[in-house]
Amino acid sequence: MSWGTELWDQFDNLEKHTQWGIDILEKYIKFVKERTEIELSYAKQLRNLSKKYQPKKNSKEEEEYRYTACKAFLSTLNEMNDYAGQHEVVSENLTSQILAGLARYVQELKQERKSNFHDGRKAQQHIETCWKQLESSKRRFERDCKEADRAQQYFEKMDADINVTKADVEKARQQAQIRHQMAEDSKADYSSILQKFNHEQRDYYHTHIPNIFQKIQEMEERRIVRLGESMKTYAEVDRQVIPIIGKCLDGIVKAAEGIDEKTDSQLVIEAYKSGFEPPGDIEFEDYTQPMKRTVSENSLSNSRDGKAEPKFGGKPKGKLWPFIKKNKLSLKLGAAPEDFSNLPPEQRRKKLQQKVDELNKEIQKEMDQREAITKMKDVYLKNPQMGDPASLDHKLTEVIQNIDKLRLEAQKFEAWLAEVEGRLPARGEQRRQSGLYDAQPAPAVNNCAQARESSPDGSYTEEQSQESEVKVLATDFDDEFDDEEPLPAIGTCKALYTFDGQNEGTISVAEGETLYVIEEDKGDGWTRIRRNEDEEGYVPTSYVEVYLDKNAKGAKTYI
């Protein structure tokens, strides 16, 4: 099977076919190139996706990743990052193993094809030239033969005419002989050129064209083989990364299998456990029997074994910690006391322990630095040429001062920690305390704790709550934590800006909204307002324009 023998007369079709073959190869190259771009784009999107959901450092999100489910999610993000890397490897390998080689091969193929068809056209032109020569000699031979025949007829005519002179007859005879000689010469030339053409034609159809077409066939077959090899390489590039991708997926499965719901549940307990005991039963207070109040609400003279005096016209002052309103001060820009007294005991203990551990690490770091400076000073003393020992005195003094300062700070937090650990129910003392009590000086708190011993059922009596309030609550906080009748409006206000009240105790307002003022700014930058009976809270004073009613109770007059 050879194109030279089977397709000897299909020069133009072979030229079109080989061009089509090169177009197919270039189309495949374009396909692979677009695949590499898709792989890179996909890898970039996967990396961005993984980065987007990574926890931010030193944020609340980072604390959430102690849960096993969150750890598994973090492992998934890391594995997806590695997964993206394998797509980048696919793109790189396709570029280096296929695109680069095929691009060079296409250029070489085009050059080879051009050379082969150039030789074919040259052979065609040569045979066409020979054919033209043959046709020319044939027409000349034909013309000379006709001329010789006419000259012979003219001679015979002149020879038969008795009126023609002998000289004219001789002249006609000579002309006929010349024409016959020319015809013979044309015949010999035509015969020679015909033999030459036949020889050239045999060489053309049996030697030159078969050789050229054979080269073109081999070139086309190499192109087909190269395309097949590239397709195999294309598949092999993907196959090479499958084991690593499988490991990435195995890592995700392993992380998912590591999720432990019981461990996460225990972490929730550790994160939010307050340390308080559940409240006991609330005792019945009989309001149907007339009773005389002999002492004020804040008196300590109530009998320890009796019920609390009912307060007519309002609700009892007894409070239960889990349901008490938060101190307004906790709303001020998220500020928290240094001793974390705004937190429940268990959470406070954890925060204090964490702070103590951080301070101990800093102390150890400073001590290591002091030891290093001391060693360097000793080296300078032994080898003065290396440096001046006195140059390290200032740095050494500074480090020692830092150590002393950190130790004092650690002692302060250790004292608070010991105080909290001495009060936790887990230590054998079933006591409940609020963040407001913790914020008071230690002697007052201890006295409160003695007066707040739990009853056998774990409940508080009215007497205990009132005694505690006498020792720790100021008049301002009495007003805030009381659940008396709603405060009367002392004016109105108009919101100058929109405020999103996200903290507990605040209220959201929209720009231009009009609301009631029930408590003006006391110098802390917050104004208490009401929208309706169920919606009230604090907003920054700078966010509203206040119009106080001068006749309202408690309103101030501004000049």
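Cut-offs applied
- Residues numbered from 1 in each chain as written.
- Predicted model: local features only at pLDDT ≥ 70, side-chain atom pairs only at ≥ 80, totals over all residues.
- Heavy atoms only, no water.
- Helix = DSSP H or I, 4+ residues; strand = E, 2+ residues; numbered from the N terminus.
- Contact = heavy atoms within 4.5 Å.
- Areas by Shrake-Rupley, 256 points an atom, 1.4 Å probe, with all protein chains shown as cover.
- Phe/Tyr/Trp six-rings, centres within 6.5 Å; stacked < 30°, edge-to-face > 60°.
- Lys NZ or Arg CZ within 6 Å of the ring centre and 35° of its normal.
- Pairing = 2+ DSSP bridges.
- Axes fitted to C-alpha atoms, helices over the stretch in contact; angles between N-to-C directions.
- Expected span 1.5 Å × (residues − 1).
- Bend = angle between axes of the 7 residues up to and from the residue.
- Core = buried A, V, L, I, M, F, W, Y, C linked by side-chain atoms within 4.5 Å.
- Buried < 20%, exposed > 50% of the residue type's maximum accessible area, 1.4 Å probe, protein only.
- Polar contact = N/O pair within 3.5 Å; in protein donor to acceptor, adjacent residues only side chain to side chain.
- Salt bridge = Lys/Arg side-chain N within 4 Å of Asp/Glu carboxyl O.
- Parallel < 35°, antiparallel > 145°, perpendicular 65-115°, else oblique.
- Left-handed = near helix turned anticlockwise from the far one by under 90°.
- Nonpolar A, V, L, I, M, F, W, Y, C, P; charged D, E, K, R; others polar.
- Patch = residues over 30% accessible without salt bridge, like charges linked within 9 Å, V, L, I, M, F, W, Y side chains within 5 Å.
- Lys, Arg positive; Asp, Glu negative; His and termini not counted.
- Charge placed at Lys NZ, Arg CZ, Asp CG, Glu CD.
- pLDDT = per-residue confidence, 0-100.

Caption draft 1: Spatial organisation of the overall build of the protein chain. Broken down by element type, the protein chain carries twelve helices and five strands. For the protein chain, restricting intrachain contacts to residue pairs at least 6 apart in sequence, the fraction spanning at least 24 positions comes to 73%. Taken as a whole, the protein chain presents about 35900 Å² of accessible surface, with 52% of it coming from carbon and sulfur.

Caption draft 2: Focus on the packing of aromatic side chains. Evaluated as defined, the whole model comprises 13 aromatic pairs. Centre to centre, the rings of phenylalanine 31 and tyrosine 234 are 5.6 Å apart; their planes meet at 40 degrees, and the pair counts as tilted. You can see phenylalanine 31 sitting in helix α2 (residues 11–52) and its partner tyrosine 234 sitting in helix α5 (residues 166–257), a full 203 residues away along the chain. A centroid spacing of 5.9 Å and a plane angle of 10 degrees characterise the contact between phenylalanine 141 and tyrosine 190, whose relative ring orientation is stacked. In this pair, phenylalanine 141 is assigned in helix α4 (residues 68–160) and tyrosine 190 in helix α5, connecting sequence segments 49 residues apart. Joined through ring pairs, the aromatic side chains of Tyr497, Phe499, Trp526 and Tyr543 make up one cluster. Looking at arginine 226, its charged tip hangs above the ring of tyrosine 105, at a distance of 4.9 Å from the centre.

Caption draft 3: Structural context of the sheet that holds strand β2 (residues 514–519). As summarised here, the arrangement of the five strands in space is β4-β3-β2-β1-β5, forming an open sheet in which the pairing is antiparallel. Here the strands that pair on one side only, and so sit at the sheet edges, are β4 (536–540) and β5 (544–548). Between one strand axis and the next, the sheet turns through 40 degrees on average, direction left out of account.

Caption draft 4: Examining α4 more closely. Along its 93 residues, α4 runs 134 Å from first to last C-alpha, staying within 8% of the 138 Å computed at 1.5 Å per residue. Threonine 95 marks the point of greatest bend in α4, at about 35 degrees.

Caption draft 5: Structural detail: the nonpolar core. Counting residues in each nonpolar core, the largest one holds 39 residues, and the members touching the most others are Leu25, Tyr28, Val32, Leu94, Ile98, Phe213 and Ile216. For this core, the secondary structure elements donating two or more residues are α2, α4 and α5. Here the element with the most residues in this core is α4; it accounts for 15 residues. Residues within four places of isoleucine 216 in sequence aside, it is in contact with Trp3, Thr18, Asn116 and Phe117. Within the second largest apolar cluster, 13 residues are counted, among which are Cys493, Phe499, Ile507 and Ile529.

Caption draft 6: Spotlight on the environment of threonine 498. Considering the arrangement of structural elements, one finds threonine 498 in the loop between β1 (491–495) and β2. Judged by relative accessible area, threonine 498 falls into the partly exposed class, the value being 46%. Apart from the residues within four sequence positions on either side, threonine 498 is in contact with Val509, Ala510, Glu511 and Tyr543. Of note is the side chain of threonine 498, whose polar atom sits 3.2 Å from the backbone nitrogen of glutamate 511.

Caption draft 7: Spatial organisation of the side chain of arginine 528. Structurally, the position occupied by arginine 528 is in strand β3 (residues 526–530). Residue classification places arginine 528 among the buried residues on the basis of a relative accessible area of 10%. At 2.8 Å, the side chain of arginine 528 forms a polar contact with the side chain of glutamate 536. When near neighbours in sequence (up to four residues on either side) are disregarded, arginine 528 contacts Leu487, Tyr516, Val517, Ile518, Glu519, Glu536, Gly537 and Tyr538.

Caption draft 8: Highlighting the pattern of salt bridges. Scanning the model with the defined rule gives 22 salt bridges in all. Notably, a salt bridge pairs glutamate 170 with arginine 173, separated by 1.9 Å at the nearest N-O pair. Here arginine 173 and glutamate 170 lie together in helix α5, a separation of three residues that amounts to about one turn. Judged by its relative accessible area of 32%, glutamate 170 falls in the partly exposed class. Residue arginine 173 is classed as partly exposed on the basis of its relative accessible area, which comes to 27%. With its nearest N and O atoms 3.5 Å apart, the salt bridge here joins glutamate 409 to lysine 412. On the criterion of helical spacing, the pair formed by glutamate 409 and lysine 412 is a turn pair, its members being three residues apart in helix α8 (residues 393–421). Judged by its relative accessible area of 25%, glutamate 409 falls in the partly exposed class. Among the residues examined, lysine 412 registers a relative accessible area of 29% and is labelled partly exposed.

Caption draft 9: Geometry of the pairing of β4. Taken across its five residues, β4 has four buried, putting it largely inside the fold. Across five bridges, β3 lies against β4 in antiparallel orientation. Considered in β4, the bridge of threonine 527 is made with valine 539. The loop that links β3 with its antiparallel partner β4 comprises five residues.

Caption draft 10: How the structure looks around the packing of α2 against α5. Orientation of α2 relative to α5, taken along the N-to-C sense of each, is 15 degrees, at an axis distance of 11 Å. Looking at the two axes, α2 sits roughly parallel to α5. Considering how the two elements wind past one another, α2 and α5 form a crossing that is left-handed. Within the contact of α2 with α5, the residues separate by chemical class into 15 nonpolar, four polar and four charged.

Caption draft 11: Layout of the environment of phenylalanine 73. Along the polypeptide, phenylalanine 73 turns up in helix α4. Given a relative accessible area of 36%, phenylalanine 73 falls into the partly exposed group. A sequence separation of 186 residues divides phenylalanine 73 from isoleucine 259, and the C-alpha atoms of the two residues are 9.7 Å apart. Setting aside chain neighbours within four positions, we find phenylalanine 73 in contact with Tyr53 and Tyr65.

Caption draft 12: Inspection of a negative patch on the surface at higher detail. A surface patch of like charges, here negative, comprises Glu61, Glu62, Glu63 and Glu64. For glutamate 64, the position within the fold is in helix α3 (residues 60–64).

Caption draft 13: Expanded view of the confidence of the model for the protein chain. With 78% of its residues at a pLDDT of 70 or more, the protein chain shows a mean pLDDT of 79. Least confident of the elements in the protein chain is helix α10 (residues 442–451), whose mean pLDDT is 35; most confident is α2, at 94. Below a pLDDT of 50 lies the segment residues 292–333, which in the model reaches 83 contacts outside its immediate sequence neighbourhood of four places, other chains included. Here residues 554–559 is a poorly scored stretch, pLDDT under 50, and it has eight contacts once near neighbours within four places are set aside; other chains count.

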